[in-house]
Amino acid sequence: MIFRPSRPALLFLAALGAPCVLLIGLTLRLLAQERELAEKRHADDRRRLVTDIRQDLISRVTRLRMDLLEGHAASASPIAFVARIEGDTLAFPWDARSAVADEAPGFVDAIRSGERGEFIQRAYADAVASYTAAVRAASTPVQRAIATLHLARVLEKDGRTDRAHSAYITLSRTPADVVDDQKVPLALYAARSLIDSQQLIASDATAAAAVLGTVLQRGSALNPSAIYMSRDVAAALVQRATDASPRATAMALRHQADTLADYAEQMLAVQSAFPAILARARARSAKDDVVWVPFGQSDATWLVGIGGREPVVTGFRLRTLVDSIPTTKRHGSVVVASSDGEPLGDALPGLAVRFNPADTLDQEPLQRGVLVGMLLLVVGVTLAGGYLFWRDTRREMRLAAMRAQFVSSVSHELRTPLTAIRMFAETLLLGRAARKDTRDDYLQTIVSESERLTRLLDNVLDFAKIEAGRKTYHLRPCSPADVVRSAASTMGDLLARNGFQLEIAMDEEVPLVLADRDALEQALLNLLSNAMKYSGRGRKIQLAVHSGNAQVAIDVADDGIGIPHAEQSRIFEKFYRVNDPEHASIPGTGLGLTLVAHVIAAHHGDIRVQSEAGRGTTFSIMLPAASADDAVAVETGALA
Ligand code: ADP
């Protein structure tokens, strides 16, 4: 039966589909809401993170600024600077004019006469005498150092290199805060000359390095000229130091000097851009608050703090500040940039937090997976349940249709033999058949038609028993050859009269089988009757019994119309009849093979069909050979 969508089917589909669609819709909505929520959560997290970073940064720079103003952190924070605001300009400590030292008259005169001797008269010996007098007349370390420097220089010009050298050594020992009017430590000049001397001896290089070390230690307290000079001296030292160890020291010093030079440049840049920075800060500043303005590019950005009560500006290197903030685990890398990203607010204008783009899709995939999984499960179970229900319903419907067909076929099957019996009986009764052989023929027909009726009724009754679960089999050892012979003789006459040729082939020794003789014979009769019914033009039927592998096989073969391949698997179903005009034109109930299959299964056997449309069919029954034990069991009634 072919299924066509009917009203109930459509209703059923709607009943199944509507909740599924609803469920899917609800889940999608839920997912969308989840996503929205997650995004909101994410944005909140970011905002919180930005606030944290802002507070952290501000508290850090505020603390550093306080320390710097109170004077204790200057050396701990070499990258910081502090400067005063004077009007609209920025004044670094080095910009303060140095107080003019009271110059002792003897010292000044000695220096002047020395210079006259050295530069105008080129009387170096006189100059040496004058400068030596100046050294003696010096009343401050600065004066002494200046005089020593002059003395050393003129000694060199005079060719008295040894004395010049020892004068430089003396000068190199002057402390780093003894500076000239350019605020350059005077010891640096000595270091420079020691390095430049023609044969650089190891002790001179060490002395020069020591000078550089102490000078550079003053860090941001040095003024740019001192820093630039230190850088030059360090570079010269690197060039002239050939041995590994002094060279390494020289390189470290040069690095230190370079860094300081960078800072100095930055500080000068801050100084020249200061009016603009100040304007920017003033636009934001609220009374006493300090505004932190970023200055400089990317890595070299400084945070310049302006405002507050004191007219003081402090600067810190942003990179170092950011590096000291612990990065929050959830958001991975956080970068403080001056352009894009989440702004850090008014107190830190121009600063922003840039988030790692990989963090933006921070969904909760697990929850979503669970939701989708559950949805799939529910929809899957519903659809599977619906499918199973639908399949069962279809099967039931098909069975109901088959039952209806069965009733009509049984009635038809009953009517045919009954009509024949009645017709021949009436003919005999009226004495119309004069000849004996005609009468015999009629009587024979009556007998065989009644046999056919009996077979049909037996089938129906057996089927009813099977359906009700009341069919029992009494298995006993019996000879399959006997059963086959008995079935052949029952059908023999009918077959012969219809022109069939029945061939029987049997192995000589066939083992016994454990069987319900009557049931097995009925199964064979059904197969033989089918072979006859579906014979078409064929008139040959073969019965064969053979054994092997502890099995007995009984074959019933015909050369009739055959069974199409597609139908072969279904012919054992109850009421099933082959869906083909040639088969349908032959009356039948669709019960015969169902019964055969049932009987064989009850005998622990197997039935197979081999057939080709138009070529004939062979049914093979396989039964297990009975063993001696089976026979004993039967004796004691165990198998009955
Ligand atoms: P029916 O009463 O219709 O013969 P069966 O259960 O005996 O019912 O057989 C089922 C179907 O199998 C038949 O309708 C027929 O089409 C097919 N069939 C059975 N035996 C043969 C055969 N020997 N040759 C061809 N078709 C057969």
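Residues numbered from 1 in each chain as written. Predicted model: local features only at pLDDT ≥ 70, side-chain atom pairs only at ≥ 80, totals over all residues. Heavy atoms only, no water.

Caption draft 1: Focus on the packing of helix H13 (residues 436–468) against helix H18 (residues 592–602). The N-to-C vectors of H13 and H18 enclose an angle of 55°; their axes lie 10 Å apart at closest approach. Between H13 and H18, the angle is such that the two are oblique. Of the two elements, H13 crosses H18, and the hand of that crossing is left-handed. In this structure, H13 uses Asn459, Asp462, Phe463 and Ile466 to contact H18, whose residues at the interface are Gly592, Leu595 and His598. Among the residues making up the contact of H13 with H18, the classes are represented as three nonpolar, three polar and one charged. (Axes fitted to C-alpha atoms, helices over the stretch in contact; angles between N-to-C directions. Helix = DSSP H or I, 4+ residues; strand = E, 2+ residues; numbered from the N terminus. Parallel < 35°, antiparallel > 145°, perpendicular 65-115°, else oblique. Left-handed = near helix turned anticlockwise from the far one by under 90°. Contact = heavy atoms within 4.5 Å. Nonpolar A, V, L, I, M, F, W, Y, C, P; charged D, E, K, R; others polar.)

Caption draft 2: The sheet that holds strand S13 (residues 551–558), seen in detail. Strands sit in the order S10-S12-S13-S15-S14 across an open sheet of five strands; the sheet is mixed. Among the strands making up the open sheet, the edge pair consists of strand S10 (501–506) and strand S14 (606–612). The mean angle between the axes of side-by-side strands here comes to 15°, regardless of whether they run parallel or antiparallel. Strand direction decides the pairing type here: strand S12 (residues 540–548) and S13, joined by eight bridges, are antiparallel. (Pairing = 2+ DSSP bridges.)

Caption draft 3: Up close: the site of the ligand. Of all residues adjacent to the ligand, which total 19 residues, the nearest are Asn530, Tyr534, Arg577, His583 and Thr589. Between an oxygen atom of the ligand and a main-chain N or O atom of leucine 593, the distance comes to 2.8 Å. Burial of the ligand by the protein chains amounts to 99% of its free accessible area of 520 Å². Those elements that provide at least two residues to the shell around the ligand are helix H15 (517–533), H18 and strand S15 (616–624). Residues that form the shell around the ligand fall into these classes: eight nonpolar, eight polar and three charged. (Near = heavy atom within 4 Å. Polar contact = N/O pair within 3.5 Å; in protein donor to acceptor, adjacent residues only side chain to side chain. Areas by Shrake-Rupley, 256 points an atom, 1.4 Å probe, with all protein chains shown as cover.)

Caption draft 4: Quick look at the pattern of salt bridges. According to the stated counting rule, one finds 21 salt bridges in the structure shown. Here arginine 48 ties to aspartate 45 by a salt bridge, and the two come within 3.4 Å at their closest N and O atoms. On the criterion of helical spacing, the pair formed by arginine 48 and aspartate 45 is a turn pair, its members being three residues apart in helix H1 (residues 7–70). Glutamate 573 is the salt-bridge partner of arginine 570, the closest N and O atoms lying 3.1 Å from each other. (Salt bridge = Lys/Arg side-chain N within 4 Å of Asp/Glu carboxyl O.)

Caption draft 5: Region of the structure containing the side chain of aspartate 555. Relative to the elements of secondary structure, aspartate 555 occurs in strand S13. The buried charged residue aspartate 555 lacks any salt bridge partner; its closest oppositely charged side chain belongs to arginine 608, at an N-O distance of 8.6 Å. Of the polar contacts made by the side chain of aspartate 555, one reaches the side chain of serine 620; its length is 2.9 Å. Leave out the neighbours within four places in its chain, and aspartate 555 touches Gln542, Leu543, Ala544, His546, Thr618, Phe619 and Ser620. (Buried < 20%, exposed > 50% of the residue type's maximum accessible area, 1.4 Å probe, protein only. Lys, Arg positive; Asp, Glu negative; His and termini not counted.)

Caption draft 6: Spotlight on the packing of aromatic side chains. A full pass over the atoms with the stated rule returns eight aromatic pairs. On the numbers, 4.7 Å between centres and 50° between planes, the contact of phenylalanine 424 with tyrosine 442 is tilted. With phenylalanine 424 in helix H12 (residues 365–429) and tyrosine 442 in helix H13, this residue pair connects regions lying 18 residues apart in the sequence. Classification of phenylalanine 424 by relative accessible area gives buried; the value is 15%. (Phe/Tyr/Trp six-rings, centres within 6.5 Å; stacked < 30°, edge-to-face > 60°.)

Caption draft 7: Geometry of the sheet that holds strand S4 (residues 302–307). The five strands lie next to each other as S2-S1-S5-S4-S3, forming an open sheet whose pairing is antiparallel. If you trace the sheet from one side to the other, it starts and ends with strand S2 (89–91) and strand S3 (290–295), each paired once. On average, each strand axis in the sheet is tilted by 30° relative to the strand beside it, whichever way the strands run. Note that strand S1 (residues 81–86) and strand S5 (residues 312–317) share four bridges and pair antiparallel. In the sheet register, phenylalanine 81 faces S5, and the bridge partner there is glycine 315. Strands in contact with H1 are S1, S3, S4 and S5; relative to S5, the strand with the most contacts, it is inclined by about 125°.

Keep in mind these values describe shape, not function.
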